[in-house]
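# Commentary on secondary and tertiary structure
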Amino acid sequence: MSEQMQRIVLASRPEGQASEQNFRLEDAPLPQPGDGEVLIKVHYMSLDPYMRGRMNAGKSYAPPVEIGETMTAAGVGEVVASGSDDLQPGDFVLGMFGWASHGLSPVSEVRKLDPQKAPISTALGVLGMPGFTAWHGLHAYGRPQKGETLVVAAATGPVGSMVGQLAKQAGLRVVGVAGGAEKCKLAVDTFGFDACLDHRAYADAPALAEALAAECPDGIDIYYENVGGKVLEAVLPNMNNFGRIPVCGMIAWYNSAETGLTAPAIWRDILTKFLSVNGFIIFNHYDRYPEFLTEVAPLVAAGEIKYLEDVAEGLANAPKAFLSMMQGGNTGKQIVKLV
């Protein structure tokens, strides 16, 4: 076993849009597990939009990554050394190992995986945090009813594609919004959406709002919010009374505080249309994760839920893949293959 590992640390805090200069690849001593700990060789690590927020200083729902610290990330990998009888070398687990070739973790903070039931990479996507986020947000806050209309942005991402497929199974009309004609075709042909709009094809929010009105003749009952920005501005005029908006993310605003919306305009729509708007952080709801797996894992195994993975090769390419993802450059769940 090598005595060195590799990791990517936060080299500096971004001002506005993040860049590769904000990251640094470095070697570090390979840790050894103590009692109740395991050392993991990471095979795949996850890249997710929330990581951009962790690069900023300031109070949030989770502490920021400090300068010189390993960037945070979930990963899946193989136990290579164990200080616990609960896990043995050769077992595969999911845990928060960071942007790193190896991770040291208490056994209590990892989950054992069965590679015979599903590829281990799915624990980072369709059967992991993004899939669970989609499932929980849709059911807990979207409260879908057969015959309603749902709109979801970032429609071909791991959250948006799951939201749309679950909504279709529940009997809703599903309209996606995505960046580019190819992604829109994917939303319809692969994920089964009724329609998908390319937000890049519309010069401004009013033009996109008009297109949404045409695709949603009965209005919008549920808007699953992943992006903010122009899409939210286009959706709000089309929301029906008593509509529901689960707020999962706002990737369009992560690199900038600029917005065409104002608080009075948003608040007026919420008030006059009696909207239910629920922000949520999925880490607060993992008591429901076994329920999610029980319902969704068989659908994935049967091919009734489709998923895509966008795989970048090598830890050194993680910053480039992350920055591309933040600009919509990925198709499906963005992961990095280390082994």
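Report follows, based on the coordinates. Just so we're clear, the structure is a prediction, and the values are computed from it rather than from any experiment.

### Things to note about the sheet that holds strand E8 (residues 149–153)
Taken in spatial order, the six strands make up an open sheet running E10-E9-E8-E11-E12-E13, and their pairing is parallel. Looking along the sheet, the strands with just one partner apiece sit at the ends: strand E10 (195–198) and strand E13 (276–279). Mean inter-strand twist for the sheet, computed between neighbouring axes without regard to direction, equals 15°. Sheet contacts for helix H5 (residues 205–215): E8, strand E9 (173–178) and E10; angle to E10, the most-contacted strand, approximately 170°.

### Focus on helix H9 (residues 318–326)
Taking burial as the measure, the nine residues of H9 include seven buried ones, the bulk of the element. For H9, the complete set of buried residues consists of Ala318, Pro319, Ala321, Phe322, Leu323, Met325 and Met326. Positive backbone phi, approximately 80°, marks Gly328, located one or two places after H9.

### A closer look at a nonpolar patch on the surface
Among the surface-exposed residues, Tyr61, Phe283 and Tyr286 lie close enough to one another that they form a single nonpolar patch of about 290 Å² accessible area. Inspection of the secondary structure puts Tyr286 in the loop between E13 and helix H8 (289–301). A relative accessible area of 33% places Tyr286 in the partly exposed class.

### Quick word on the packing of aromatic side chains
The tally for this structure, following the rule as stated, stands at 14 aromatic pairs. Between the aromatic rings of Trp99 and Phe322, the centroid separation amounts to 5.7 Å while the plane-to-plane angle is 70°, which identifies the pairing as edge-to-face. Of this pair, Trp99 sits in the loop between strand E5 (92–96) and strand E6 (102–106) while Phe322 sits in helix H9; the two residues are 223 residues apart in sequence, bridging distant segments of the chain. As far as burial versus exposure is concerned, Trp99 and Phe322 are alike and both buried. With a centroid separation of 5.5 Å and an interplanar angle of 45°, the aromatic rings of Phe132 and Phe292 are classed as tilted. Separated by 160 residues along the polypeptide, Phe132 in helix H2 (residues 129–142) and Phe292 in helix H8 bring together distant segments of the chain. A relative accessible area of 0% places Phe132 in the buried class. Cluster of aromatic residues (ring-pair linked, three or more members): Tyr50, Phe132, Trp135, Phe283, Tyr286, Tyr289 and Phe292.

### Re the nonpolar core
Within the largest apolar cluster, 67 residues are counted, with the highest numbers of intra-cluster contacts made by Met45, Leu47, Trp99, Leu150 and Phe322. Excluding its chain neighbours within four sequence positions, the residues that come into contact with Leu150 are Leu138, Val163, Ala167, Leu172, Arg173, Val174, Val175 and Ile222. Val177, Ala211, Leu232 and Ile245 belong to the second largest nonpolar core, which has 23 residues in total.

### Description of the pattern of salt bridges
Per the counting criterion, the structure on display carries 10 salt bridges. Salt-bridge contacts for Arg7 lead to Glu26; the nearest nitrogen and oxygen are separated by 2.7 Å. On the criterion of sequence distance, the pair formed by Arg7 in strand E1 (residues 4–10) and Glu26 in strand E2 (residues 23–29) is long-range, its members being 19 residues apart. Note on Arg7: relative accessible area 23%, which makes it partly exposed.

### Comments concerning the packing of H2 against helix H3 (residues 158–169)
Two elements in contact, H2 and H3, have axes separated by 8 Å at closest approach and are oriented at 45°. For the element pair H2 / H3, the angle class is oblique. Handedness of the crossing formed by H2 with H3: right-handed. Each of Pro130, Gly131, Thr133, Ala134, Trp135 and Leu138 in H2 lies in contact with H3, whose residues at this interface are Pro158, Val159, Met162, Val163, Leu166 and Ala167. Here the contact of H2 with H3 is built from residues that sort into 10 nonpolar, two polar and no charged.

Reading the values: the criteria
- Residues numbered from 1 in each chain as written.
- Predicted model: local features only at pLDDT ≥ 70, side-chain atom pairs only at ≥ 80, totals over all residues.
- Heavy atoms only, no water.
- Pairing = 2+ DSSP bridges.
- Helix = DSSP H or I, 4+ residues; strand = E, 2+ residues; numbered from the N terminus.
- Axes fitted to C-alpha atoms, helices over the stretch in contact; angles between N-to-C directions.
- Contact = heavy atoms within 4.5 Å.
- Buried < 20%, exposed > 50% of the residue type's maximum accessible area, 1.4 Å probe, protein only.
- Patch = residues over 30% accessible without salt bridge, like charges linked within 9 Å, V, L, I, M, F, W, Y side chains within 5 Å.
- Areas by Shrake-Rupley, 256 points an atom, 1.4 Å probe, with all protein chains shown as cover.
- Salt bridge = Lys/Arg side-chain N within 4 Å of Asp/Glu carboxyl O.
- Phe/Tyr/Trp six-rings, centres within 6.5 Å; stacked < 30°, edge-to-face > 60°.
- Core = buried A, V, L, I, M, F, W, Y, C linked by side-chain atoms within 4.5 Å.
- Parallel < 35°, antiparallel > 145°, perpendicular 65-115°, else oblique.
- Left-handed = near helix turned anticlockwise from the far one by under 90°.
- Nonpolar A, V, L, I, M, F, W, Y, C, P; charged D, E, K, R; others polar.

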